[in-house]
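A structural walkthrough
Residue strings, one per chain:
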Amino acid sequence: MDKKNNIILQMFVSAVFLIIIIAIIIILDLINITQYIPFSERYDWLNIASAIIGGILGAITTLIGVGATIHYEKKRDIKKEMENRINNYYSYLTFSKQPVKITVSLDLITNIKNIKNQVVLIGESVEITTPNYFDIELNFDMLNNIFPASVILNKLTICYNDGIVDNEIHFNDIENFYKYVNDYNKITIKNEKTVAFVARCLMNREKKDKLIKGLKQSNRIDIIADISFLNPSKIITKGIFSTNLKLTATKRLGNKNNIGSNRQEFCYDSINNYFKLDSIYHIDENK
């Protein structure tokens, strides 16, 4: 129970207590209790009791008022402290110069029930039983040295199959992926300024084959990511991170002779990076 409800409960209990006392006094007066208990008739016990009740009521009212004031001031101080922490201890990031690495395979499938402690995204119209998947690594540079500890990737959009329309880059295909659970996942600190995490993206076989073919044919792709970063100060930075990418390398993964794997890796460098801040807030702000 929060303090506001606690104050309301105290006022209610006090009011009920006073009503009971007043009712008892009125009943005692109506039955003329002096017939049974020899109170002195020199005194007006009803007036005396009323004065006492008035004093008690005033004291209770004062106490509740003081409690409400203390509660308001404490709530104001907490809000001020949160605002100070939000303004000074949030994580400020942007995509790095080599921000994206996509690893795909011709035949990889996964059991979604076995995916634990990993960022998981799900595409549209996915067969949940045995979906195909690819892994995408996202890298971010820190701009204020307040490293996040965990992350939620809310949505990821990949734009590919680039072409020129009216002297502008245009993408013919788009794939959208959405978060599968609301849990935060750990983030990796790669060096003194870079953090990264890998997301497993689930999709249908047909769409995955189309994506592989499209990535092979695309010199450029765009990535748009809606991400929430949580740092040790319990500050969440939520924003839209986007990057224009150019393909720099593709390679098969396996042993030194590229034997034993049909996985293929696509590496990109950024042309432009953008960050649109959605919100910065303390994780306990609404409690």
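Residues numbered from 1 in each chain as written. Predicted model: local features only at pLDDT ≥ 70, side-chain atom pairs only at ≥ 80, totals over all residues. Heavy atoms only, no water.

What the protein contains, in helices and strands, is 3 helices and 11 strands. Ordered by position from N to C terminus, the α and β elements of the protein give α-α-β-β-β-β-β-β-β-β-α-β-β-β. Each of the 287 residues in the protein was classed as buried or not, and the buried ones make up 38%. Carbon and sulfur atoms make up 54% of the accessible area of the protein, which amounts to about 17700 Å² in all. (Helix = DSSP H or I, 4+ residues; strand = E, 2+ residues; numbered from the N terminus. Buried < 20%, exposed > 50% of the residue type's maximum accessible area, 1.4 Å probe, protein only. Areas by Shrake-Rupley, 256 points an atom, 1.4 Å probe, with all protein chains shown as cover.)

By the element assignment, Ala 249 lies in strand β10 (residues 235-253). On the basis of relative accessible area, Ala 249 is assigned to the partly exposed category, the value being 36%. Between the C-alpha atom of Ala 249 and that of Asp 269, which follows or precedes it by 20 residues, the distance is 9.4 Å. Discounting residues that sit within four places of it in the chain, Ala 249 has contacts with Glu 265, Phe 266 and Cys 267. (Contact = heavy atoms within 4.5 Å.)

Turning our attention to the pairing of strand β11 (residues 263-282). Note: strand β1 (residues 93-104) against β11, 5 bridges, orientation antiparallel. The partner of Ile 102 across the bridge, within β11, is Phe 266. One ladder, built from 18 bridges, connects β10 with β11; its direction is antiparallel. Within the sheet, the bridge partner assigned to Arg 252 lies in β11 and is Gln 264. (Pairing = 2+ DSSP bridges.)

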